[in-house]
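Descriptive analysis of the structure
In case you want the letters, here they are:
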Amino acid sequence: MIALEQEILPEMLKTSTERAERLIELLQSCGTHFARSQVNVEPTSKLKSLTNLQKALANKKDGFGAELVAFPQHGIYYTDSAALMKEAAQMDIDYIGGVDPYSLDGSIEKTMDFTVQLALDYNKGLDIHLHETGPSAVKTIEYLLNKVEENPVLKGKTYLSHCFVLGRLDAREQDAMAEKLSAAQVGVISTVPFGNLIMPIPTLYKYGVKVGTGNDSIIDHWNTWGSGSVLEKAKLMAQLYGYGTEFGLSRCLKLATFGLTPLDDKGRQQWPKAGDEASVVFVEASCSAEAVSRLSPVKSLMHKGKIVF
């Protein structure tokens, strides 16, 4: 896939701003007004993917917000991306990204040391994409957790995306790892995979781990299954883990909203309240449970007080 991207990216970059704008419009139509986006930073694109996306976001700023991740898609050292990552860290981004340091770069320590130090030097968060499912993945998580404990400033702004290895651990190991993640305030962003691997999202929630979801790819050269809807991910979560009651379905909504539900677990209203940001998704449903179970259609979207559609 790296070789493929090295071949096709130069041509794709010519229209990436326009395509990003269309993608933003798709997300808005699904009720999304904010996203965390990984942006390729590697020798083929250099910083062009980043600057092109920043143009698209500027054009859509009245109706859409974003956090940007400088993402070494082709490895830090596999394609000599370290210098470019340092340049990107000095630009308007929010997170330093990483991807499979052992399988891609051949070294957990060297790659993670560089990545963590870059985040510290430029006061950024961390978003490490971990697709590995073997012992190297567990070692990567533990190494990251140790780094976060050594540098408490990273607590609350460090995330593991995918983190598929959690789905390969037994229940006892999942509990232990979830407890460690919670203690270090390291969150997990999951696409909610199913089939050969199911993530222990209920276990993560049980221990208070911050969990979010998104679409890893939306109709691109990686895969074609992303719809752009995070409400669809909440419904998938309910189906996977058997949250079939009205209460259980309503709790699944928090996966789509990054933790926020209109009522807390005791039925007390916690959103919206005076002073909250006026960003609201209007769906055709009588309650949260119906919105999740029926994948209710989005009727309107408000971003910071502005009606987007």
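In the block above lies the structure referred to throughout.
Residues numbered from 1 in each chain as written. Predicted model: local features only at pLDDT ≥ 70, side-chain atom pairs only at ≥ 80, totals over all residues. Heavy atoms only, no water.

Moving on to the packing of aromatic side chains. The final tally for this structure, using the stated rule, is four aromatic pairs. Arranged with centres 6.2 Å apart and planes meeting at 65°, the rings of Tyr77 and Phe114 form a pair that is edge-to-face. Residue Tyr77 is found in the loop between strand S2 (65–71) and helix H4 (82–89), and its partner Phe114 is found in helix H6 (residues 108–121); the two are separated by 37 residues along the sequence. Site record: aromatic cluster; members linked through ring pairs are Tyr95, Tyr159 and Phe258. A cation over a ring is seen here: Lys210 above Phe258, with NZ or CZ 4.5 Å from the ring centre. (Phe/Tyr/Trp six-rings, centres within 6.5 Å; stacked < 30°, edge-to-face > 60°. Helix = DSSP H or I, 4+ residues; strand = E, 2+ residues; numbered from the N terminus. Lys NZ or Arg CZ within 6 Å of the ring centre and 35° of its normal.)

As defined by bridge partners, strand S8 (residues 280–283) adjoins strand S9 (residues 298–303) across four bridges and the pair is classed as antiparallel. If you follow Val281 over to S9, its bridge partner there is Leu301. Sheet topology places S9 next to strand S10 (residues 306–307); two bridges connect them, and they run antiparallel. Bridging across to S10, Met302 finds its partner in Ile307. Hairpin geometry of S9 and S10 is characterised by an intervening segment of two residues between the two adjacent antiparallel strands and by a positive phi of about 50° at Lys304. (Pairing = 2+ DSSP bridges.)

Locating Thr213 in the fold gives a position in strand S7 (residues 211–213). On the accessibility criterion, Thr213 (16% relative accessible area) is buried. Within the structure, Thr213 has its side chain in polar contact with the backbone oxygen of Ser190 (distance 2.6 Å). Setting aside chain neighbours within four positions, we find Thr213 in contact with Ile189, Ser190, Thr191, Val192, Val230, Lys233, Leu255 and Ala256. (Buried < 20%, exposed > 50% of the residue type's maximum accessible area, 1.4 Å probe, protein only. Polar contact = N/O pair within 3.5 Å; in protein donor to acceptor, adjacent residues only side chain to side chain. Contact = heavy atoms within 4.5 Å.)

In this section: the pattern of salt bridges. Throughout the structure, instances matching the rule amount to 12 salt bridges. The closest approach of N and O atoms between Glu67 and Arg36, which form a salt bridge, is 3.1 Å. Residue Glu67 is located in strand S2, and its partner Arg36 is located in strand S1 (residues 34–40); the two are separated by 31 residues in the primary sequence. Note that Lys147 is salt-bridged to Asp113, the shortest N-O span being 3.2 Å. Highlighted residues: Lys147 in helix H7 (residues 135–150) and Asp113 in helix H6, separated in sequence by 34 residues. Overlapping salt bridges bring together Glu21, Arg22, Glu25 and Lys60 as one network. (Salt bridge = Lys/Arg side-chain N within 4 Å of Asp/Glu carboxyl O.)

Now for the sheet that holds S9. Hydrogen bonds between backbone atoms are what pair the strands of a sheet, whose relative direction is either parallel or antiparallel. Reading across from one edge, S8-S9-S10 is the order of the three strands in this open sheet, with antiparallel pairing throughout. The sheet terminates laterally at S8 and S10, the two strands that pair on one side only.

So, about the sheet that holds S2. Strand order across the open sheet formed by seven strands is S1-S2-S3-S4-S5-S6-S7, with parallel pairing between neighbours. Bordering the open sheet on either side are S1 and S7, each of which pairs with just one other strand. For this sheet, the mean inter-axis angle between neighbouring strands, taken without regard to orientation, is 25°. One ladder, built from five bridges, connects strand S3 (residues 95–99) with strand S4 (residues 125–130); its direction is parallel. By the bridge assignment, Ile96 is partnered in S4 with Leu126. (Axes fitted to C-alpha atoms, helices over the stretch in contact; angles between N-to-C directions.)

Moving on to a nonpolar patch on the surface. There is a patch of nonpolar side chains on the surface, built from Met1, Leu4 and Trp222 and spanning about 280 Å² of accessible area. In this structure, Leu4 sits in helix H1 (residues 2–12). (Patch = residues over 30% accessible without salt bridge, like charges linked within 9 Å, V, L, I, M, F, W, Y side chains within 5 Å. Areas by Shrake-Rupley, 256 points an atom, 1.4 Å probe, with all protein chains shown as cover.)

Topologically, Thr32 is positioned in the loop between helix H2 (16–29) and S1. Assessed through its relative accessible area of 9%, Thr32 is described here as buried. With 19 residues separating them in the primary sequence, Thr32 and Leu13 have C-alpha atoms 25 Å apart. Every residue in contact with Thr32, bar those within four places of it in the chain, is listed here: Leu27, Phe64, Gly228, Val230 and Leu301.

All right, on to H2 then. Along its 14 residues, H2 runs 20 Å from first to last C-alpha, staying within 8% of the 20 Å computed at 1.5 Å per residue. For H2, the full list of buried residues reads Ser16, Thr17, Ala20, Glu21, Ile24, Leu27 and Gln28. Projected onto a plane normal to the axis of H2, the buried residues spread over an arc of 140° and lie on a single side. Buried residues along H2 sit against H1, helix H3 (48–59) and S9. One or two positions beyond H2, positive phi appears at Gly31, with a value near 95°. (Expected span 1.5 Å × (residues − 1). Arc of directions from axis to C-beta.)

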